[in-house]
Structure formats: structure tokens, C-alpha cells
Amino acid sequence: MDSINGSEAPQESDVKSFFDSAPPLRDGDLICRKLKEFMDGIARSSESGSPVRVVCVTSGGTTVPLEQRCVRYIDNFSSGYRGAASTEYFVKAGYAVIFVYRRGSCQPYCSYLPQDSFLEFFDLTEDSSIQVCQSHATVVKKAIRDYRKAVDEGLLLKLPFTTIFEYLQILKLVATSMSCTGTHGMFYLAAAVSDFYVPWESMAEHKIQSAVGPLDMRLTQVPKMLSVLRREWAPSAFCISFKLETDPDILLQKADAAMRKYGMHVVIANALATYKEEVIFVTKGGRTTVRRHNKDSDLEEQLTDLLVETHSEYIKQPGVEL
Ligand code: PAZ
């Protein structure tokens, strides 16, 4: 490991080989176009006198395919609730959000809809048109109104991923497109990202056959891209990463290590058994426990309030810009 500015960086060759061997993003050009339009919109708002802060929220788990024509994959635990709910609160606080999410995971403005099947929301009228059931009308109207407002005001761009390859390529595109437009912004990295992967070139093309007997597979370590994000892709962004552990005894030590090694501004530590009720907010200045007020409140609201405040303090420092 090289040590640059006190942070541990992965070998350049490991990063290069990860991206070189990754299958190219299917819709890479479209993503670049959408990012450009979104960032141009923000620049226009900022020029007209209302500076807009930008945050990239990542959400959901990345998959690691085991076959190129993928039938089986390794997954990471995450419903995407934290990222989706936090997106709503960031938009409410005036941020423009680039929401990088796992396909099929929770979506902003849907998190407070009832968990009923989609079909439970609608009725057929006598003339066979569709209407929202009266019982769901209020929440659905609110969801549509809030979602439309965020999109129409240019405050929400959604970019989906499934695999670790797509996730890291998209994160790089977002970071570099923010840096290119001089937007320093914030990264709120709530996605659960695979630590190990099968390099594309050594992956079986077709479905692995059970007839070959027990499966013996070697996984390569995913290079620690957090430090690449901090040092190369978006050196002036304000970066928040999450650390999830199942063993509470190692949680804080791992969170401290992430601060030190990857140069994060904030690490949010959470244990699997309690992550919905409490998190520990770790900064250079110390640790703060954030607990959900009650079971009807959202920890994400408290978390984003604290982050908006911490980010505001950060950008007040001399030499730091939006
Ligand atoms: O998506 P969700 O609301 O079900 O869970 C959120 C979380 C636990 C995945 C997130 O808070 C987190 O810790 N993400 C980072 C996980 C990791 O250490 O890779």
C-alpha cells in the first residue's frame, strides 16, 4: 500500500485492472449526458444567484456476478431505505441529489407509502379507467407532488446500478463530472459495497455446472475506492461513508480506521442489530451517538440535519467552496 497524505491508497495497478477488466457500462453515454444536463442546470441556478449544494447519495447493495451470463451472484445487505429517505431530506434542505441506487431497491418518495402490493393502490372505475383507492389517495398524492417537485426543480437525478462493476464506474463518472464543473459537493455513501469480486476475464461465461462437484472459487479484493474518490476523483468533496458491522465490539475501531485510511470527513458507524435505531457519527473532532427519537420518527431526518450542519461548517472554512 502507498501512503499519500496520511491515507492508505490501493495500488494504481489494482485500480486500473479493476476498471480495465470491468464490462463497459451499457448506457455510459446516456449517463454522461444526464449528468451534464443535471450539472448544467445546477450551474444555471447558481449563476442566477441561488447557489445549490450537490450531494451524491449511494444506496442499496452491489452484486458480484459469478458468471458472465449471470445466473448466480453474491449480494450485499441493504434495502436502500436509508439512501432513499435521506435523499428526500437532502432535497427538503435544498440540496440537489444524484441518487445512485440498486435497481429494485427503495426509492425516494416511496418510502412512506404503505408496503401493500402495487395493485392494492388502484381501483377500476365503471368506465374501466384507473383511479387511486380513496384509502391511499392522500399519501399517493403527497408522494407524486414531492417527487415531481424535486424532478421539475432539477434537484433529483436517479442513476441505477446492479453490479459492483456498474456501481464503481458510475461513482467515478459522478465524481469526475462534479469535479469538472467545479462543484465540490458531498458524497453520502450509504450503499453496501462488495469487498470481493470475480474479475470479468476469469469469470465463467456460462452457468456454473453442479456436476463439477463442490465449488472452489477465488475472489479478488475490490480495491479501496474510497481513497481514490478522495484523492483523485473528487479531492475537494465532503465525503461521508458508512461502516456496517455485525460485531459491535469492532465497529468503532473500524470506523476510526476508515476515517484515517480513506480520509473521510465523517464516518457513520452502525451495527446490524440496531442500525435503524442508532448510529455513531464519527469525525476528527470525536464521536456523537444519534438515536431515533421514537418509532414513528426517521433516524435519517436527524442524520441529514446533522450532516447539513456539519457540511455548512466545513464550507465556511477558508479556501473551501461549495
Ligand atoms: O439500506 P438499508 O436502510 O437497509 O441499510 C442501510 C445500511 C445499513 C446498508 C447503511 O447504513 C450502511 O451501513 N451502509 C454501508 C455498509 C457497509 O459497511 O458496506
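Residues numbered from 1 in each chain as written. Predicted model: local features only at pLDDT ≥ 70, side-chain atom pairs only at ≥ 80, totals over all residues. Heavy atoms only, no water.

Stated formally: UniProt positions are given in the numbering used here, feature names are shortened, and annotations may be inferred rather than shown by experiment.
The name given to the protein in an unreviewed UniProt entry is Phosphopantothenate--cysteine ligase 2, with the source organism recorded as Phoenix dactylifera. According to UniProt, the comment filed for the protein under the heading Sequence similarities (unreviewed entry) is "Belongs to the PPC synthetase family."

## Some details on the UniProt feature "domain: DNA/pantothenate metabolism flavoprotein C-terminal" (unreviewed entry) in the protein
In plain terms, the rule: The helix and strand labels rest on DSSP assignments: H or I over at least four residues marks a helix, E over at least two residues marks a strand, and numbering proceeds from the N terminus.
Using the residue numbers shown here, the UniProt feature "domain: DNA/pantothenate metabolism flavoprotein C-terminal" (unreviewed entry) corresponds to residues 55-149 and 178-286. As annotated, residues 55-149 has a helix share of 29% and a strand share of 23%, and its two end C-alpha atoms lie 17 Å apart. Measuring from the first to the last C-alpha atom of residues 178-286 gives 29 Å, for a span that is 25% helix and 27% strand.

## Some words on the pairing of strand E3 (residues 54-59)
Both faces of the sheet carry side chains from a regular strand, because those side chains alternate between them. What counts here: A 1.4 Å probe rolled over the protein chains alone gives each residue an accessible area, and that area as a share of the maximum for its type sets the label: buried under 20%, exposed over 50%, partly exposed in between. One requirement defines pairing of two strands: DSSP has to find at least two bridges between them.
Taken across its six residues, E3 has six buried, putting it largely inside the fold. Neither face of E3 is exposed, since Val54, Cys56 and Thr58 on one face and Val55, Val57 and Ser59 on the opposite face are all buried. Judged from the six bridges that link them, E3 and strand E6 (residues 96-102) form a sheet pairing that is parallel. Looking across to E6, one finds that valine 55 is bridged to valine 97. Judged from the four bridges that link them, E3 and strand E10 (residues 186-189) form a sheet pairing that is parallel. By the bridge assignment, valine 55 is partnered in E10 with methionine 186.

## Concerning a nonpolar patch on the surface
Spelled out, the test is: For patch building, the residue pool is restricted to those with more than 30% relative accessible area and no salt bridge; the joining distance is 9 Å between like charges and 5 Å between nonpolar side chains (Val, Leu, Ile, Met, Phe, Trp, Tyr). Note on areas: Shrake-Rupley with a 1.4 Å probe; residue coverage comes only from the protein chains shown. Criterion for a salt bridge: a side-chain nitrogen of Lys or Arg within 4 Å of a carboxyl oxygen of Asp or Glu.
The grouping of Ile74, Phe196, Leu215, Met217 and Leu219 at the surface amounts to a nonpolar patch, some 420 Å² of accessible area in total. Assignment of secondary structure puts isoleucine 74 in strand E5 (residues 73-74). Its relative accessible area of 36% is what places isoleucine 74 among the partly exposed residues.

## Digging into the packing of aromatic side chains
What counts is decided by this rule: Here the aromatic set is Phe, Tyr and Trp, taking the six-membered ring for Trp, and pairing holds for ring centres within 6.5 Å; pairs whose planes are under 30 degrees apart are stacked, those over 60 apart are edge-to-face, and all others are tilted. Charge-over-ring contacts are defined here by two conditions on Lys NZ or Arg CZ: a distance within 6 Å of the ring centre and an angle within 35 degrees of the ring normal.
Across all of its chains, the model carries 16 aromatic pairs by this definition. On the numbers, 5.9 Å between centres and 65 degrees between planes, the contact of phenylalanine 19 with tryptophan 233 is edge-to-face. You can see phenylalanine 19 sitting in helix H1 (residues 12-21) and its partner tryptophan 233 sitting in helix H6 (residues 225-233), a full 214 residues away along the chain. Given the relative accessible area of 16%, phenylalanine 19 is considered buried. In this structure tryptophan 233 comes out as buried when scored by relative accessible area, which is 5%. Seen in terms of ring centroids, phenylalanine 99 and tyrosine 101 are 5.3 Å apart; in terms of plane orientation they differ by 10 degrees. Their pairing is stacked. Comparing phenylalanine 99 with tyrosine 101 shows no difference in burial state: the two are buried. One aromatic cluster is present, built from ring pairs that chain together Phe18, Phe19, Phe165, Tyr197, Trp200 and Trp233. Directly above the aromatic system of tyrosine 81 lies the positively charged group of lysine 276, at a separation of 5.0 Å from the ring centroid.

## A word on the side chain of arginine 230
Put simply, the rule reads: Here the positive residues are Lys and Arg and the negative ones are Asp and Glu; neither His nor the chain ends is included. What makes two residues a contact is simply this: any of their non-hydrogen atoms within 4.5 Å.
Structurally, the position occupied by arginine 230 is in helix H6. Put simply, arginine 230 is tucked away with no salt bridge, and the nearest opposite charge, on glutamate 232, sits 12 Å away. Beyond its immediate sequence surroundings of up to four residues, arginine 230 is in contact with Pro235, Ala237, Cys239, Tyr262, Gly263, Met264 and His265.

## Some points on the site of the ligand
To keep it simple, the criterion reads: Think of it this way: one heavy atom of a residue within 4 Å of a molecule or strand is enough to make that residue near it. Polar contacts, as counted here, are pairs of nitrogen or oxygen atoms within 3.5 Å of one another; within protein the pair requires one atom able to donate a hydrogen and one able to accept it, and residues that are adjacent in sequence qualify only if both atoms are side-chain atoms. The classification used treats Ala, Val, Leu, Ile, Met, Phe, Trp, Tyr, Cys and Pro as nonpolar, Asp, Glu, Lys and Arg as charged, and all other residues, Gly among them, as polar.
The ligand sits among 15 residues. The nearest are Ser78, Ser79, Gly80, Leu244 and Asn270. Taking glycine 80, its main chain carries an N or O atom lying 2.8 Å from an oxygen atom of the ligand. One of the backbone nitrogen or oxygen atoms of leucine 244 is found 2.9 Å away from an oxygen atom of the ligand. Bound to the protein, the ligand loses 92% of the 470 Å² it would expose on its own. Mapped by element, the contributors of at least two residues to the shell around the ligand are helix H3 (81-92) and strand E13 (238-245). Per-element accounting of the shell around the ligand gives the leading share, three residues, to E13. When its residues are assigned to classes, the shell around the ligand shows nine nonpolar, four polar and two charged.

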